[in-house]
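# Examining the three-dimensional arrangement
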4 protein chains.
Amino acid sequence: MTKPYYGQLEEEKVFKDPVHRYIHVRDELIWALIGTKEFQRLRRVRQLGTTYMTFHGAEHTRFNHSLGVYEITKRILDVFHGRPHWNEHERLLTLSAALLHDVGHGPFSHSFEKVFDTDHEEWTRQIILGDTEVNEVLTNVSPDFPQAVADVIEKTYSNKLVTSIISSQIDADRMDYLQRDAYYTGVSYGHFDMERILRVMRPMEDQVAIKQSGMHAVEDYIMSRYQMYWQVYFHPVTRSGEVILSKIFMRAKELYEQGYEFKHKPHHFYSFFDGKGSLDDYLRLDEAITLYYFQIWQEEEDRILRDLCVRFCNRKLFKYVEFNPNLRMNDWPLLQDLFRQADLNPDYYLVVDSSSDLPYDFYRPGEEEERLPIHLIMPNGKLRELSRESDVVEAISGKKRTDHKLYFPLDYLEDEREHKEVKKKIRDLLNV
Amino acid sequence: MTKPYYGQLEEEKVFKDPVHRYIHVRDELIWALIGTKEFQRLRRVRQLGTTYMTFHGAEHTRFNHSLGVYEITKRILDVFHGRPHWNEHERLLTLSAALLHDVGHGPFSHSFEKVFDTDHEEWTRQIILGDTEVNEVLTNVSPDFPQAVADVIEKTYSNKLVTSIISSQIDADRMDYLQRDAYYTGVSYGHFDMERILRVMRPMEDQVAIKQSGMHAVEDYIMSRYQMYWQVYFHPVTRSGEVILSKIFMRAKELYEQGYEFKHKPHHFYSFFDGKGSLDDYLRLDEAITLYYFQIWQEEEDRILRDLCVRFCNRKLFKYVEFNPNLRMNDWPLLQDLFRQADLNPDYYLVVDSSSDLPYDFYRPGEEEERLPIHLIMPNGKLRELSRESDVVEAISGKKRTDHKLYFPLDYLEDEREHKEVKKKIRDLLNV
Amino acid sequence: MTKPYYGQLEEEKVFKDPVHRYIHVRDELIWALIGTKEFQRLRRVRQLGTTYMTFHGAEHTRFNHSLGVYEITKRILDVFHGRPHWNEHERLLTLSAALLHDVGHGPFSHSFEKVFDTDHEEWTRQIILGDTEVNEVLTNVSPDFPQAVADVIEKTYSNKLVTSIISSQIDADRMDYLQRDAYYTGVSYGHFDMERILRVMRPMEDQVAIKQSGMHAVEDYIMSRYQMYWQVYFHPVTRSGEVILSKIFMRAKELYEQGYEFKHKPHHFYSFFDGKGSLDDYLRLDEAITLYYFQIWQEEEDRILRDLCVRFCNRKLFKYVEFNPNLRMNDWPLLQDLFRQADLNPDYYLVVDSSSDLPYDFYRPGEEEERLPIHLIMPNGKLRELSRESDVVEAISGKKRTDHKLYFPLDYLEDEREHKEVKKKIRDLLNV
Amino acid sequence: MTKPYYGQLEEEKVFKDPVHRYIHVRDELIWALIGTKEFQRLRRVRQLGTTYMTFHGAEHTRFNHSLGVYEITKRILDVFHGRPHWNEHERLLTLSAALLHDVGHGPFSHSFEKVFDTDHEEWTRQIILGDTEVNEVLTNVSPDFPQAVADVIEKTYSNKLVTSIISSQIDADRMDYLQRDAYYTGVSYGHFDMERILRVMRPMEDQVAIKQSGMHAVEDYIMSRYQMYWQVYFHPVTRSGEVILSKIFMRAKELYEQGYEFKHKPHHFYSFFDGKGSLDDYLRLDEAITLYYFQIWQEEEDRILRDLCVRFCNRKLFKYVEFNPNLRMNDWPLLQDLFRQADLNPDYYLVVDSSSDLPYDFYRPGEEEERLPIHLIMPNGKLRELSRESDVVEAISGKKRTDHKLYFPLDYLEDEREHKEVKKKIRDLLNV
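Worth saying up front: this structure is predicted, and the values here are computed from it rather than measured.

### Focus: the overall build of chain A
Each helix and strand in chain A was counted, giving 22 helices and nine strands. Across the 432 residues in chain A, those meeting the buried criterion constitute 52%. When contacts within chain A are restricted to residue pairs at least 6 apart in sequence, those whose partners lie at least 24 apart make up 68%.

Spelled out as structure tokens, the structure:
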């Protein structure tokens, strides 16, 4: 019988973490994963994209968050240790999946994926299964271990209990990001009694459930989530940064397709412009690389690319008004036309952004994107769906809320040296 | 009589700040300065250089800190308002200097300045006085206003009270960074009762003094400073990152001087390699640009540059041992020789780093780098130097402490495929 | 023209407060009020009655809370200073009312008032208007000042804006107690961004309103309130302590009325047993006095009084089950009868306690206990009732929730040395 | 073989604690001890005596603190579990000693013990060994268990490692009270990284030692202790309350000895006046009982007793000046004489109080009150005394600091209706 490749570290490694105080690593496997270059790369990808333009504290990276999800998962497993339904053999699998669940994120993923039609979940899969240091480390556990980790992250793993720890409506991922993003932004939402929730989590056959005595802590968690979405994640200024960002990607791609001669050639993006970026190409990207191009493109010939990059780098963002395109179908073509008359390409300078959120949902079989509900374990041992016990959760359950905003360069529209008349018309129509 | 160019904002602007809860801007001048591209550039320069390699939370930028120093200064001035010695006309000057005191910092300043022999204080001066948006905004106040701001930051301004708010042994700068760096790293040092200190600060003829009743809060501040230096700022792992960083700059410069043909030409650094970087060149730099080169240099021909960049990007740092070069004068040439034998260039792979700190000092006239002591205002109205009242401060006052460490690539020295004998000798000598 | 009796303190007085960091007193009037013996007496009356039996940290007194309400009010007035609608002449009146709003509370008010049919609001009025140190201090301002303070507290004062600062659905009182009680109990509910709320409060003609931009902070406050009610204030164990407490008062009164000869005569309570307690009698009471009697009554002849006091002092509380008397009308007389058979007086040992709460309500004209709704100031300057803007508040608005519990001495019912059969029946009926 | 009397609780009991977040009880023994009436009595004895007169938040009781010491001890033992030197059989013994170490404290122990010449450590011993519920619970473990618990608390227990957990210069007791008292007073001192200290504590043969990597956390702890002593525990206003308190006890005793006829007879104190208070007498005392007498003595005939009680209950404290009796030996009899002339009994109205503290000490064999030093475990495994490694600790080590203050009723001395001349002389002499 052979000695397993990884064991316990001789001396536990400790990271000081502002959110969980300390992150403890005892397993050689986890230590090896953290040391891979693909994981270290997460230090160069911010957790919250352009949010730092609104909340200057939000400069933390996905490296931070990934360690946090690992730590919470570890604490959950400490509670599960020795309980029924929990299979201790899956400990390392669960921890690895927790650590790696976001490893496929790239620079400003949200906009990047939209413009280049890729998907960070697919990159995560490739990093785990492809020719990477991460894969090498995982394969040392056993040849089928990488696939198992990928399955857990993709929620196709056979043991649903394991996947529900990493992704469900109350999972280690969300519990970390709510607290972490609240910490770094400094907002007073995002706090809930995680210690309490961890203590009342119980492994069940195919999911994590919560002892009923912890219901109020869960309510608090759901309200935190609700507030964080509307106060932080969907903040209209952040979305303005995001709008400009995706328009930069779009413009660069369009110019490339038109055969435009870049002063500074964006080699890093070529394969993505062509829609055939490889894993190696992708791993070479990060936010430093991206910002490098944005910086130098401030000196490009193309007026639109140049302007958008100046706006992004110096935070000269678009302004916004409430604007529901469904309700103002007539105004829309009119606005586009006026923008063209004002010498503004509406494809880049007149942008509707819609955000919507569903703070909690019970099970709606058959519907697209089914969401597993949170279950309480009642004193009699039976499970009961959360919103049937909690008035507060019931009140917001299943209620999708959408916010539509129209973004545009107000500074340009207020500059009366040219197109004075048409700009006035636009401002009147937008009521700004 | 003409209306002054800047007045009060119609509606106060508020930034959410994790350290001071909120940062409030009421002056149009301050708002305009924050909006300049030179100030926004600080978003791309981290506050603590390579500290994020040790404390993953330390990803905050100088933008953060600069706003914090401004906010503390504003709160100090609120306390000073209407008191003797305080000249209200200098309010905007003090606030501007507080906001801009670090505006000349560049990417990884510490190493950058060492290798390229520049000085962020000189860049700050140029940004304030040169052809910049910052200068334009300041000049709108009055033609001599930029010079006054520069003078305050350089401590040559006539009113010493104003300069002491921004830089003395207990100033807005230190009070912000201790708390801020503690917050983002998550360490439990760095906390002191700033609210109390602010309330007991009093303007005196040529300095800020502290009411004696606040002495213990000041003691606590000085102990915080002491702990932050040794626990965070001089952390040996951070210094390992810093060592590699400066060696990368050094290597790139050396290669350039040797006429080496870079695969990816570092245009951004050329003028600095030549020792004649202009303000424009400097403002074009930031940490994204720098990391871009580090990333692509991982594929350079030159073995040393390539290796150092791989180490930096993937956090394969040098290890260290205690090593006081003054005490081991004989070992030093021996080690250098052995390194050469092991095919390691000692200029890049055998590095002594010494850090030293003086947590508080009383006045030592005539000595280099005189430091203004902290004065207490005694109940009888007389001033008394802090260390004469406080046992704790007296105990650490004027006591410089130095820490010497030797950095080297242990991984290479442990790879026994080549130079086995000599590597063994080195390891024995270093006792690793 | 005469100098006003009270001015500004030569040196501001500062209290260290764990919740608001510091409490600042600048007015001689406020300082004089704090020094009165009626106000100092609040140091001997706990803020949360028997809650300390559940949350051991909840040992703080009404003295604490009263200072806190004063401090929040002061901060509100700092925001109001110089704004339309706010009459600066009423500053001292508002601060005095804030400080004194709870001065009439006695030992364990809730139970005391129920049994002795008194009302702390009436005592507050008497303390302010009667022959007390508080009245003397207030009268020094002007002869009609005490009446004005009493009017504000009783909400009959002509300026409704002033009364709404002290008592409305979002007032200084609630903002203090939610945070303070959360701090001392240690629960993670009760936090909201008060600094933000204070900054968006605006004086209006007859109420305080909130700028719409602060809506989410108010939502958070209302959710905090909801959680604190159900997690802390209505905690079933606290209510068990309260049940025993009121039964002690009831028993002592009944014994007195029956002419029972107390070993230790409760002189302090005689006038209240007779229903004619004077203000002097009332001010002589506090929780130390009350606990003194509870202690010595542990040695009384009367079995019930003795047992209840032993239970209270040594925390041998009653257990509880869910029990809605409206739904179990038949069980009720049966249980009473069985208790009598088991030699337990049901008047003392079988107690239903019902708690109910309305977390927020909009205006329902004509209904008993009208509650003034919270109004938002919309960007267009119009007022809009909170629940019409906030989904979350709308969801819980006007929804009264009631919890019924039945309390009884389970230890006695489980002691099978006597009345074995009947006790078994009771336990079966109660399902314990 | 018999089943041990106590096992594990079926369901863990949890207390919400503001300082340690949660206090967990898994052992039936601990649960039983908490439920005893002697332990519950600690709810009626404040942790910090008269400190609440200075810091209004300091209303917490010894019940709070005792649970906290238990919890920290439990966490220490979790770290020790399975390590060399640690004998798991002594777990329950250590936990019991931690919980009970202060059980002998009575009302305002400091003054009570001084006047009545008793000692809370002796009462602790009697509660553990005498006829009490505590003793009954402990005896159920084994007949010699109570004696072992008493031995640990008295530091005579054979296993020095166990005693050092509960009492040494860095023990569970101090770690709890520093944090707890800081929390309730609200001061910003008292914080240190306990989680870190707990993780670096190691059981050694006859003491707890600290891994050298945790030295800075220990420095921080020692500085916290230093600040708490001088900022909180020795606060001159608190000591004024304490002075009056002990003078009340002294006066009551003196009156009793003189055969004075009390209006309200202090039965509870009779046996202590006679110097023969029994354990039962002692357990009947608490702060409610004490305050009851102080309240009613406000109406006593004796002018001194009455005045002191009015002062205590209404916080009309003595004022103070710096006064070192050793340096002003001539002034002392003069002052006493002047006080007598002013009709003030100097035994009660002219009081010197001296406080002194030794923040940390190394081992001074042979000296009275030897204190075990804190030892670091160096990387080579050897032990080294803390002050030899730490500059900061070395600086304050062994330095006793003493503060002398003279207390007197300034209000009376300023009342010029009588003894005008002599009062003027006194004020001049005291420079007030």
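### A short note on the environment of proline 325 of chain C
All names here are of chain C. Mapping proline 325 onto the fold places it in the loop between strand 5 (319-322) and helix 18 (331-341). Along the primary structure proline 325 and glycine 214 are separated by 111 residues, whereas in three dimensions their C-alpha atoms are 42 Å apart. Other than its neighbours up to four places away in sequence, proline 325 contacts Trp332, Val352 and His404.

### Overview of the relation of the copies chain B and chain A
Mapping chain B onto chain A leaves a residual RMSD of 0.0 Å; the transformation is a rotation of 180° accompanied by 0.0 Å of translation along its axis. The superposition operator between the copies reduces to a two-fold rotation axis. Looking at the rotation axis and the C-alpha trace of chain B, the residue lying nearest is alanine 288 of chain B, at 2.1 Å. Both copies contact each other with a shared surface, as 100% of the interface residues of chain B are interface residues in chain A too.

### Remarks on the sheet that holds strand 9 (residues 401-408) of chain C
Residues and elements named next belong to chain C. Strand order in the open sheet formed by three strands is 5-9-6, and the pairing between neighbours is antiparallel. Since the sheet does not close on itself, it has two edges, and those belong to strand 5 and strand 6 (351-357), each with one partner. Across the sheet, the axes of successive neighbouring strands diverge by a mean angle of 30°, strand direction being ignored. Sheet topology note: the strand 6/strand 9 ladder contains seven bridges and is antiparallel. Counted as the bridge partner of aspartate 353 is lysine 405 from strand 9.

### Digging into the interface of chain B and chain A
Counting residues at the interface gives 30 residues for chain B and 30 residues for chain A. Those elements giving two or more residues to the side of chain B that touches chain A turn out to be strand 1 (8-17), helix 2 (37-40), helix 3 (62-80), helix 10 (172-185) and helix 16 (287-296) of chain B. Tallying contributions element by element places helix 16 of chain B first for the side of chain B that touches chain A, with five residues. For the side of chain B that touches chain A, the class distribution of residues is 13 nonpolar, ten polar and seven charged.

### Thoughts on the domain arrangement of chain A
The parts lose accessible area when they come together, and the size of an interface is often stated as this lost area. Residue and element names in this part refer to chain A. Here the domain parsing of chain A yields domain 1 (8-233) and domain 2 (236-355 + 404-430). Taken over C-alpha atoms, the centre of domain 1 sits 33 Å from the centre of domain 2. Domain 1 puts 24 residues into the contact, and the matching count from domain 2 is 23 residues. Of all the secondary-structure elements, those providing two or more residues to the side of domain 1 that touches domain 2 are helix 5 (109-116) and helix 6 (120-129). Looking at which element gives the most residues to the side of domain 1 that touches domain 2, the answer is helix 5, with six residues. In the side of domain 1 that touches domain 2, the residues fall into eight nonpolar, ten polar and six charged.

### Quick word on the environment of glutamate 195 of chain A
Within the secondary structure, glutamate 195 of chain A is located in helix 11 (residues 194-200). Owing to 12 C-beta atoms within 10 Å, glutamate 195 of chain A belongs among the exposed residues under this scheme. Ignoring any residue separated from it by four or fewer positions in sequence, one finds glutamate 195 of chain A in contact with Arg21 and Tyr22 of chain D.

### Quick look at the pairing of strand 9 (residues 401-408) of chain D
Examined bridge by bridge, strand 5 (residues 319-322) of chain D and strand 9 of chain D share four bridges and lie antiparallel to one another. Paired with tyrosine 320 of chain D across the bridge in strand 9 of chain D is tyrosine 407 of chain D.

### A short note on the sheet that holds strand 4 (residues 208-211) of chain D
Residues and elements named next belong to chain D. What the four strands build is an open sheet, ordered 3-4-7-8; its pairing is mixed. With partners counted over all chains shown, the strands left at the sheet margins are strand 3 (201-203) and strand 8 (383-385), one partner each. Neighbour-to-neighbour, the strand axes of this sheet turn through a mean angle of 45°, independent of strand direction. Pairing analysis gives three bridges linking strand 7 (residues 375-377) to strand 8, with the strands arranged antiparallel. Along strand 8, the bridge assignment pairs isoleucine 377 with leucine 383.

### Section: the confidence of the model for chain A
Of the residues in chain A, 98% have a pLDDT of 70 or more, and the chain-wide mean is 94. In the predicted assembly, ipTM is 0.95 and pTM is 0.94.

### As for the packing of helix 6 (residues 120-129) of chain D against helix 8 (residues 145-153) of chain D
Residue and element names in this part refer to chain D. Running from amino to carboxyl end, helix 6 crosses helix 8 at an angle of 165°, the nearest separation of the two axes being 9 Å. In terms of their interaxial angle, helix 6 and helix 8 are classed as roughly antiparallel. The handedness of the crossing between helix 6 and helix 8 is right-handed. Where helix 6 abuts helix 8, its residues Thr124, Arg125, Ile128 and Leu129 lie against Pro146, Gln147, Val149, Ala150 and Ile153.

### Focus: the packing of helix 3 (residues 62-80) of chain D against helix 4 (residues 91-100) of chain D
Two quantities define a packed helix pair, namely the angle between the axes and the distance from one axis to the other. Residue and element names in this part refer to chain D. Interaxial distance between helix 3 and helix 4 falls to 7 Å at its minimum, and their mutual angle equals 155°. When the axis of helix 3 is compared with that of helix 4, the two are roughly antiparallel. Handedness of the helix 3/helix 4 crossing: right-handed. Here helix 3 contributes Ser66, Val69, Tyr70, Thr73, Lys74 and Leu77 to the contact with helix 4, which in turn contributes Arg91, Thr94, Leu95, Ala98 and Leu99. Taken together, the residues that form the contact of helix 3 with helix 4 break down as six nonpolar, three polar and two charged.

### Observations concerning the environment of glycine 35 of chain A
All names here are of chain A. Topologically, glycine 35 is positioned in the loop between helix 1 (28-34) and helix 2 (37-40). Judged by C-beta crowding, with 14 C-beta atoms within 10 Å, glycine 35 ranks as partly exposed. Linking glycine 35 and tryptophan 123, residues 88 residues apart in sequence, is a C-alpha distance of 19 Å.

### Examining helix 7 (residues 133-141) of chain C
Residues and elements named next belong to chain C. Val134, Asn135, Val137 and Leu138 are the residues of helix 7 that are buried. Projection of helix 7 onto a plane perpendicular to its axis shows the buried side chains occupying an angular sector of 165°, all on one side. Here the buried face of helix 7 lies against helix 1 (28-34), helix 2 (37-40), helix 4 (91-100), helix 6 (120-129) and helix 8 (145-153).

### What about helix 16 (residues 287-296) of chain D?
Quick reminder: α-helices carry 3.6 residues per turn. Residues three or four places apart thus point the same way. Within helix 16 of chain D, eight of the ten residues are buried, which leaves the element mostly enclosed by the surrounding structure. Regarding helix 16 of chain D, the residues found buried are Ala288, Ile289, Thr290, Leu291, Tyr292, Tyr293, Phe294 and Gln295 of chain D. Summarising the contacts, the buried residues of helix 16 of chain D are in contact with helix 16 (287-296) of chain C together with helix 13 (236-257), helix 14 (267-273) and helix 17 (303-314) of chain D.

The rules behind each value
- Residues numbered from 1 in each chain as written.
- Chains lettered and ligands numbered in written order.
- Predicted model: local features only at pLDDT ≥ 70, side-chain atom pairs only at ≥ 80, totals over all residues.
- Helix = DSSP H or I, 4+ residues; strand = E, 2+ residues; numbered from the N terminus.
- Buried ≥ 20, exposed ≤ 12 C-beta atoms within 10 Å, placed from the backbone.
- Contact = placed C-beta atoms within 7 Å.
- Least-squares fit on C-alpha atoms with pLDDT ≥ 70 in both.
- Pairing = 2+ DSSP bridges.
- Axes fitted to C-alpha atoms, helices over the stretch in contact; angles between N-to-C directions.
- Nonpolar A, V, L, I, M, F, W, Y, C, P; charged D, E, K, R; others polar.
- Domains from an automatic or database assignment.
- pLDDT = per-residue confidence, 0-100.
- Parallel < 35°, antiparallel > 145°, perpendicular 65-115°, else oblique.
- Left-handed = near helix turned anticlockwise from the far one by under 90°.
- Arc of directions from axis to C-beta.

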